[in-house]
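# A look at the structure
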Amino acid sequence: MPKALQKAISETAELLRGNFLVLMITWVLMRIAFRMVTPYETLFIRALGADETIIGMMMSAYQAVFCFSIIPGSYIADRWGRKRIIVIMTFALGLSYLFYCFALSWHLILAGMLIAALCRVYAPALSAITADSIPPGKRGIGYSMTRVLPDASALASPLMAVFLIEEFGFVDGLRIAYAAIVAVLLLCALLRLFFLKETVEPAHPDGGIKNVYAEAVRDLTVVVREAPRPLKALLFAPLIVLPLANGLWTFVPLFVIDFSGLTEADWGMISTVRMAVGLSTGLFLGGLVDKLNRKNVLVISYLARSILMGFLVFAKGFLQILIVMIFFEFLVGLSFPAMSSLLADLTPREMRGRVLGARMLLMNIVSIPMPTLVGFLYQYVNPRLPFFAVCALSTASALALALAAEEPLEKEA
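Here goes a summary of the coordinates provided. Quick caveat: nothing in here was measured; it's all calculated off a predicted structure.

Regarding its fold elements, the protein presents 21 helices and 0 strands. Taken over C-alpha atoms, the radius of gyration comes to 20 Å for the protein, in line with the 22 Å a tight globule of 413 residues would show. Once the C-alpha set of the protein is aligned to its principal axes, its extents read approximately 50 × 45 × 45 Å. Counting every position in the protein, which comprises 413 residues, the buried fraction comes to 56%. In the protein, once contacts between residues fewer than 6 apart in sequence are set aside, the share between residues at least 24 apart is 89%. Approximately 16,800 Å² of the protein is accessible, and the part contributed by carbon and sulfur atoms is 70%. Taking the average location of the 34 positive side-chain charges in the protein and that of its 28 negative ones, the two points are 4 Å from each other.

Have a look at this one:
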C-alpha cells in the first residue's frame, strides 16, 4: 500500500471519534438517501408542471425563508447550544420531505421546500459543532472527510435512482426515493439525540423571539463590522460569484439534457463517476490542503472554475460532459477544505456560530434573486448567458481573494 494512502487512512481513523464520528455516521446515511434524488430534483419539479422560471422562483423562495431561519440559528448556536437545535430540526426536516412523496403538482413541492428551509435553522449550529470537533492541525483532511466518506457510501445512489426510475417510472420512482429520505432523516435525528455531546456552555437569553432576532442581528452586525480584513475577505469575496453560480447549478441538469444530448440515465451515470473521483482523490486533496497555502489554493480554484464553466457551455455528449464534471470535482476537493479550514483558523471558537452564520446569511441574502434571474434568462433570453457571467465573476472573486485574504500566523483552536 502506498505510504501516502497509509497516512491518509491513519489520519482518518484518528479523527473518527466522539462527536465527529456521530456526525459522520449520520452524514453517511443522509448522503446515501439524498444522492438518489439530488441529480434529478429540478427534473422532478419540471415533470410536475413547473417551467424554468417557476423553478427559479421556487428556489428563490427557499433562499428567502432560509435567510429568515439563519438569523436565530446563528444566535442559538452560540447562546443556546448546538445539540438541541440540531436534533429537533433534523426530526422536522425529515417530516418536510413527506410533501415530495405525495405531491401531484409543483405547488405541494414548494410547501415542502419552504418547511425544509425553516428547518435549516440548525445549519450554523451544525457548522459550529463540526469546527469544534476537528483539531486545528487536521482541519484540511477533517473537512475533506465530511465530503469524501459520505460520498463514498453513496457511490451507488444515483444508480439506485436509475433502477427505481426504470422500474416504476420517473415520477413514481423518485417518490420512493424521497420516502427513503424521510426514514433516514428520522433515524439520524435519533442517533444525534442519543450520542451527540454539547460543545459549548449554553448562555440562555431572557425574552421571547423578538429579543432573539434583535440580539442575533446585533451579533451578526458586530461580526461583519469588527472582523479582521482577512476574515472579511473570506466572507465577501465569494459573494461576487457563488450566489449566481449556485443558482446556475440548479439548472445544470436541465441544460445538459436540453442542449448536450444526455438522457436522465446518462446524468445519473455521470453523477456516480463524479462521486467515485471525489472518493478516490478527496482525502489526498484534503491532506494536501493542510500542507499548502490555503489562500493560494482558493485563488487557483476560482480561476479554474471560470475556465471549466466555459467548457461546460460547449461540451457535447456523454464523454465531454463527464470530463468537465470530473475536473469540477477536483476543484471541490481543493476549495471546500481550503475555505472551511481557513475560516476555522481565523475565527475564535466562541464566535464560530455567529461568524459561520453571518457567512451563510450574507450568501443567502445575495442568492435570493439569483435562481429566478437564471430561470428567466434560461427560458426567455439565452440559456448560455448565465454560464458566461459565472466565468467573468469567478475571475473577479479570485482577484479579490488574492488581494485581501491572508493566512493566519496562529490558528484558532
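Continuing now.
With that settled, the discussion passes to the packing of helix H13 (residues 229-236) against helix H18 (residues 317-346). Packed helices, taken two at a time, are described by the angle between their axes plus the distance between the axes. Where H13 contacts H18, the two axes come as close as 10 Å, and the packing angle between them is 145 degrees. Like other packed secondary-structure pairs, H13 and H18 cross with a definite hand, here left-handed. Of the residues in H18, those in contact with Pro230, Leu231 and Leu234 of H13 are Met339, Leu342, Leu343 and Leu346. Per-class residue counts for the contact of H13 with H18 are 7 nonpolar, no polar and no charged.

With that settled, consider the state of the cysteines. Applying the stated rule across the entire model yields 0 disulfides. Cys188 forms no disulfide, and the closest cysteine sulfur to it belongs to Cys119, at a distance of 14 Å. What makes Cys188 buried here is its relative accessible area of 0%.

The next thing to look at is helix H21 (residues 385-404). The first and last C-alpha atoms of H21 sit 29 Å apart over 20 residues, in line with the 28 Å expected at 1.5 Å per residue. Taken together, the buried positions of H21 are occupied by Pro386, Phe387, Val390, Cys391, Ser394, Ser397, Ala398 and Leu401. Down the axis of H21, the smallest arc covering the buried residues is 150 degrees, so these residues share one side. Seen from the open side of H21, the exposed residues pointing more than 90 degrees away from its buried face are Leu399 and Leu403. For H21, the secondary structure elements touched by its buried residues are H13, helix H14 (242-249), helix H15 (252-259), helix H17 (294-314) and helix H20 (370-381).

Another point: the pattern of salt bridges. Oppositely charged side chains may form a pair once their charged atoms are brought near each other. A complete count under the given rule lists 7 salt bridges for this structure. Between Asp132 and Arg82 there is a salt bridge, and its shortest N-O distance comes to 2.8 Å. Linking Asp132 in helix H8 (residues 123-132) with Arg82 in the loop between helix H4 (52-79) and helix H5 (83-96), this pair joins segments that are 50 residues apart in sequence. For Arg82, a relative accessible area of 0% gives the class buried. The network of salt bridges with common partners includes Arg31, Arg35 and Asp151.

With the rule as written, the count across this model stands at 15 aromatic pairs. Arranged with centres 6.2 Å apart and planes meeting at 15 degrees, the rings of Tyr97 and Tyr178 form a pair that is stacked. Residue Tyr97 is located in the loop between H5 and helix H6 (98-102), and its partner Tyr178 is located in helix H11 (residues 170-195); the two are separated by 81 residues in the primary sequence. Classification of Tyr97 by relative accessible area gives buried; the value is 9%.

The next subject is helix H9 (residues 139-153). Think of an α-helix as 3.6 residues a turn; residues three or four steps apart then line up on the same face. In this model H9 runs 21 Å from its N-terminal to its C-terminal C-alpha over 15 residues, within 8% of the 21 Å that 1.5 Å per residue would give. Of all the bends in H9, the greatest measures close to 35 degrees and is centred on Met145. Most of H9 is tucked away: 12 of the 15 residues are buried. Those residues of H9 lying buried are Arg139, Gly140, Ile141, Gly142, Tyr143, Ser144, Met145, Thr146, Arg147, Val148, Pro150 and Asp151.

Among the surface-exposed residues, Leu95, Leu98, Phe102 and Leu108 lie close enough to one another that they form a single nonpolar patch of about 380 Å² accessible area. Examined against the element boundaries, Leu95 turns out to sit in helix H5. Here Leu95 falls in the partly exposed class, since its relative accessible area comes to 48%.

Let us look at the packing of helix H2 (residues 18-37) against H8. Contact pair H2 / H8: the axes reach a minimum separation of 9 Å and the direction vectors enclose 130 degrees. In terms of axis orientation, H2 runs oblique to H8. Relative to H8, the crossing made by H2 is left-handed. Contact residues: H2 offers Asn19, Leu23 and Trp27, while H8 offers Leu126, Ile129 and Thr130. Its residues assigned to classes, the contact of H2 with H8 shows 4 nonpolar, 2 polar and no charged.

To continue, consider the environment of Ser394. Among the structural elements, Ser394 can be located in helix H21. Residue classification places Ser394 among the buried residues on the basis of a relative accessible area of 0%. Placed 255 residues apart in sequence, Ser394 and Arg139 show a C-alpha to C-alpha distance of 25 Å.

Tracing the backbone through its elements, the reader meets Thr42 in helix H3 (residues 41-47). According to the relative accessible area criterion, Thr42 is buried, its value standing at 5%. In this structure the side chain of Thr42 is engaged in a polar contact, spanning 3.3 Å, whose partner is the backbone oxygen of Thr250. The contact partners of Thr42, leaving out residues within four places of it in the chain, are Ile55, Met59, Thr250, Pro253 and Leu254.

Rules used throughout
- Residue indices begin from 1 for each chain and proceed along its sequence in written order.
- Predicted model: local features are reported for residues with pLDDT of at least 70 only, side-chain atom pairs are reported and counted for 80 or more only, and whole-chain, interface and lining totals are derived from all residues.
- With hydrogens and water stripped out, all remaining heavy atoms of the structure feed into the side-chain values.
- In DSSP terms, a helix is any run of H or I states spanning at least four residues, a strand is any run of E spanning at least two, and both are numbered starting from the N terminus.
- As a reference, a globule follows 2.2 Å times the number of residues to the power 0.38, and the radius of gyration itself is taken over C-alpha atoms.
- For the exposure calls, accessible area comes from a 1.4 Å probe over protein chains only, and a residue counts as buried if that area is under 20% of its type's maximum, exposed if over 50%, partly exposed in between.
- Any two residues whose heavy atoms approach within 4.5 Å are treated as being in contact.
- Method for areas: the Shrake-Rupley scheme with a 1.4 Å probe, in which residue coverage is limited to the protein chains shown.
- Only four residue types enter the tally: Lys and Arg on the positive side, Asp and Glu on the negative side, with His and both chain ends excluded.
- To locate a charge, take NZ of a lysine, CZ of an arginine, CG of an aspartate or CD of a glutamate.
- Angular values range over 0 to 180 degrees, each being the angle between N-to-C directions of two axes fitted as lines to C-alpha atoms, with helices fitted over their stretch in contact.
- We call a crossing left-handed when the near helix sits turned anticlockwise from the far one by less than a right angle, and right-handed when that turn is clockwise.
- Classification convention: Asp, Glu, Lys, Arg as charged; Ala, Val, Leu, Ile, Met, Phe, Trp, Tyr, Cys, Pro as nonpolar; all other residues, Gly among them, as polar.
- Pairs of cysteine sulfur atoms within 2.5 Å are what we label disulfides.
- In this scheme, a helix's expected span is set at 1.5 Å multiplied by one less than its residue total.
- Throughout, the arc means the angular range of directions from the helix axis out to the C-beta atoms.
- Every case where a carboxyl oxygen of Asp or Glu lies within 4 Å of a side-chain nitrogen of Lys or Arg is listed as a salt bridge.
- A pair of aromatic rings is counted whenever rings of Phe, Tyr or Trp (Trp by its six-membered ring) have centres within 6.5 Å, and the orientation is called stacked for planes under 30 degrees apart, edge-to-face for over 60 and tilted otherwise.
- One fitted axis covers the seven residues ending at a residue, a second covers the seven starting there, and the bend at that residue is the angle between these axes.
- Residues form patches when they are more than 30% accessible in relative terms and have no salt bridge. Like charges link within 9 Å. Nonpolar side chains (Val, Leu, Ile, Met, Phe, Trp, Tyr) link within 5 Å.
- Angular relationships are summarised with four words: roughly parallel below 35 degrees, roughly antiparallel beyond 145, roughly perpendicular across 65 to 115, and oblique for the angles in between.
- Within 3.5 Å is the distance limit for a polar contact, defined as a pair of N or O atoms, with the added protein rule that one can donate a hydrogen and the other accept it, and that residues adjacent in sequence qualify only through two side-chain atoms.

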